[in-house]
Amino acid sequence: MNSRQEVQDDHRQSSEKTYGALRTGEDIGAVIGKVWHGCKECCKYSDLDKLPSELQAERISDWRTRSDPFIEKWPVVTGLLEINTGPEAKTLFEYLQRQYPGRFSDGQLRTFQRKIKG
């Protein structure tokens, strides 16, 4: 039975062989069949022309996908919180909706609650 290290070494050697074939443009059909569970992952890295470890280094840590919808009105919210620390986020959100009609949708309530809590 193979030890864990032997299995890791075999996998590394197989990966190096596959990527080497990809980068040199060799016919790798046979290599893919032996090394990869399917062609999908192999094609992914072939199209990108990068190793998985190279892609990991490039990942962006910024998780935001859109701008903060409350950034312009946040001073109003902090002012209200300084005056009275008791109101719930939902009450403040409803206040913003009344003051700025059409600006904030009901679907943004949870985002607002997280921002208040944070």
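The shown structure was predicted, so the numbers you read here are calculated from the model rather than taken from an experiment.

Could you give an account of the side chain of Asp-68, with specific residues and numbers?
Take Asp-68: it is sitting in the loop between helix H4 (52-58) and helix H5 (74-83). There is a polar contact of 3.0 Å between the side chain of Asp-68 and the backbone nitrogen of Phe-70. A polar side-chain atom of Asp-68 sits 2.7 Å from a polar atom in the side chain of Lys-115.

Which residues make up the confidence of the model for the chain, and what values go with them?
Residues of the chain with pLDDT of at least 70 account for 54%, and the chain-wide mean is 76. The least confident element of the chain, judged by mean pLDDT, is helix H2 (residues 29-35) at 61; the most confident is helix H6 (residues 89-99) at 94.

So what's going on with the nonpolar core? Which residues, and what values?
In this structure, Phe-70, Val-77, Ala-89, Leu-92, Phe-93, Leu-96, Phe-104, Leu-109 and Phe-112 together form the largest nonpolar core, which totals nine residues. Within the residue set of this core, elements represented by two or more residues are H6 and helix H7 (109-117). Of all the elements, H6 adds the most residues to this core, at four residues. In this structure, Leu-109 is in contact with Lys-90 and Phe-93, ignoring residues within four places of it in sequence.

Could you give me a rundown of the packing of aromatic side chains, with the residues and numbers involved?
This model, assessed by the stated rule, comprises six aromatic pairs. Centroid distance Phe-93 to Phe-112: 5.7 Å. Interplanar angle 45°. Geometry classified as tilted. Taken together, the residues Phe-93 in helix H6 and Phe-112 in helix H7 connect sequence positions 19 residues apart. The exposure classification of Phe-93 matches that of Phe-112, with both residues buried.

Which residues make up the pattern of salt bridges, and what are the values?
Any two side chains of opposite charge can pair, given that their charged atoms come close. For the structure shown, the criterion picks out two salt bridges. Residues Asp-68 and Lys-115 are paired through a salt bridge, measuring 2.7 Å at the closest nitrogen-oxygen approach. In this pair, Asp-68 sits in the loop between H4 and H5 while Lys-115 sits in helix H7, placing the two residues 47 residues apart along the sequence. For Asp-68, a relative accessible area of 14% translates into the label buried. Here Glu-72 makes a salt bridge to Arg-103, at a shortest N to O gap of 3.3 Å. Of the two residues, Glu-72 is situated in the loop between H4 and H5 and Arg-103 in the loop between H6 and H7; the sequence distance between them amounts to 31 residues.

Give me the lowdown on the packing of H5 against H6, citing residues and values where you can.
Interaxial distance between H5 and H6 falls to 11 Å at its minimum, and their mutual angle equals 130°. Judged by the angle between their axes, H5 and H6 are oblique. Remark: the crossing between H5 and H6 carries right-handed chirality. Where H5 approaches H6, its residues Val-76, Val-77, Leu-80 and Leu-81 are matched on the opposing element by Leu-92, Tyr-95 and Leu-96.

About the criteria used
Residues numbered from 1 in each chain as written. Predicted model: local features only at pLDDT ≥ 70, side-chain atom pairs only at ≥ 80, totals over all residues. Heavy atoms only, no water. Helix = DSSP H or I, 4+ residues; strand = E, 2+ residues; numbered from the N terminus. Polar contact = N/O pair within 3.5 Å; in protein donor to acceptor, adjacent residues only side chain to side chain. pLDDT = per-residue confidence, 0-100. Core = buried A, V, L, I, M, F, W, Y, C linked by side-chain atoms within 4.5 Å. Buried < 20%, exposed > 50% of the residue type's maximum accessible area, 1.4 Å probe, protein only. Contact = heavy atoms within 4.5 Å. Phe/Tyr/Trp six-rings, centres within 6.5 Å; stacked < 30°, edge-to-face > 60°. Salt bridge = Lys/Arg side-chain N within 4 Å of Asp/Glu carboxyl O. Axes fitted to C-alpha atoms, helices over the stretch in contact; angles between N-to-C directions. Parallel < 35°, antiparallel > 145°, perpendicular 65-115°, else oblique. Left-handed = near helix turned anticlockwise from the far one by under 90°.

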